[in-house]
Amino acid sequence: MKSFILATILLLSVSLAVAAETQTLVSDAWVREAPPGASMLAGYLTIENPFDEDQVLVDVSSPRFAHVMMHRSEMVDGMARMIHEESITIPAHGKTELKPGSYHLMMPAPDLRLTTGDTVPFVLRFANGEQLEVSAEVRKP
Ligand SMILES: [Cu+2]
């Protein structure tokens, strides 16, 4: 019986160690296929924060683009407008969706034609120093 309890304690500490290595999760990363001649492309993804503290996304970059901006769409008096964001906060144990009509990534790319099935790499940098590489799929909305 004593050895059984010991084994259980060992197993518990192993699973706790695994949980401690949990990291920020990114899912559903995609870039909207734009018509030929479009000067701007938009990107979307979902970020999940498993930590006890808020995560703050402070920078996004991609080797495919000179700039990646963080924007938020908002309706003001029935008109859609975009606001430039310096950072995007993902609440502790919560998630933030970058999606059409809300937060999104915006990339000026007048000479780049991306079509469905292409992939775009992004690097996300957080205020706590965490850095994540993400591969986004180009698709039609
Ligand atoms: Cu925008």
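This text follows the structure it describes.
Residues numbered from 1 in each chain as written. Predicted model: local features only at pLDDT ≥ 70, side-chain atom pairs only at ≥ 80, totals over all residues. Heavy atoms only, no water.

Draft legend 1. Focus on the overall build of the protein. Counting its regular elements, the protein contains 1 helix and 10 strands. Here the protein holds 141 residues, and the buried ones make up 33% of them. Sequence-distant contacts in the protein: of pairs separated by 6 or more residues, those separated by 24 or more amount to 66%. (Helix = DSSP H or I, 4+ residues; strand = E, 2+ residues; numbered from the N terminus. Buried < 20%, exposed > 50% of the residue type's maximum accessible area, 1.4 Å probe, protein only. Contact = heavy atoms within 4.5 Å.)

Draft legend 2. How the structure looks around the packing of aromatic side chains. The full count for this structure, using the stated rule, is 2 aromatic pairs. Geometrically, the ring pair formed by W30 and Y44 is tilted, given 4.7 Å between the ring centres and 35° between the ring planes. With W30 in strand β1 (residues 25–32) and Y44 in strand β2 (residues 40–48), this residue pair connects regions lying 14 residues apart in the sequence. Each member of the pair W30 and Y44 is classed as buried. (Phe/Tyr/Trp six-rings, centres within 6.5 Å; stacked < 30°, edge-to-face > 60°.)

Draft legend 3. Region of the structure containing the nonpolar core. Grouped together as the largest cluster of nonpolar side chains are 27 residues, with contacts concentrated most on V31, L57, F65, L105, F122 and L124. Those elements that provide at least two residues to this core are β1, β2, β3 (55–61), β6 (88–90), β8 (103–108), β9 (119–126) and β10 (131–139). (Core = buried A, V, L, I, M, F, W, Y, C linked by side-chain atoms within 4.5 Å.)

Draft legend 4. Representation of the coordination of the copper ion. Binding of the copper ion to the protein goes through H71 (ND1), M82 (SD), H104 (NE2) and M106 (SD), at separations of 2.1 to 2.5 Å. Around the copper ion, the 4 donor atoms are arranged such that angles at the metal cover 95 to 125°; this shape is classified as tetrahedral. Look at H71 and you get buried, because its relative accessible area is 9%. (Donors = N, O, S within 2.8 Å, 3.2 Å for Na, K, Ca; no water. Tetrahedral: all angles 85-135°; square planar, octahedral: opposite > 155°, others 65-115°.)

Draft legend 5. Structural context of the side chain of N49. Here N49 shows up in the loop between β2 and β3. With a relative accessible area of 2%, N49 lands in the buried category. Only 2.9 Å separates the side chain of N49 from the backbone oxygen of E53, close enough to count as a polar contact. Polar contacts involving the side chain of N49 include one to the main-chain carbonyl oxygen of I90, which spans 3.0 Å. Excluding anything up to four places from it in sequence, N49 contacts D54, Q55, I90, P91, A92, H93 and G94. (Polar contact = N/O pair within 3.5 Å; in protein donor to acceptor, adjacent residues only side chain to side chain.)

Draft legend 6. Structural context of unusual backbone geometry. We note that D77 has phi near 50°; this positive angle belongs to a residue other than glycine. Examined against the element boundaries, D77 turns out to sit in the loop between β4 (69–76) and β5 (79–84). The exposure class assigned to D77 is exposed, which follows from its relative accessible area of 77%. Of note, the phi angle at H93 is positive, near 55°, even though the residue is not glycine.

Draft legend 7. Spotlight on the pairing of β2. Of all 9 residues making up β2, 7 are buried, and the element is well covered by its neighbours. The pairing of β1 with β2 spans 5 bridges and is antiparallel. Residue pairing in the sheet places S27 in a bridge with T46 of β2. Summarising the sheet, β2 and β8 pair through 4 bridges and their orientation is antiparallel. If you follow M40 over to β8, its bridge partner there is P108. With 4 bridges connecting them, β2 and strand β7 (residues 95–98) associate as antiparallel partners. (Pairing = 2+ DSSP bridges.)

Read these as spatial facts, not as claims about activity.
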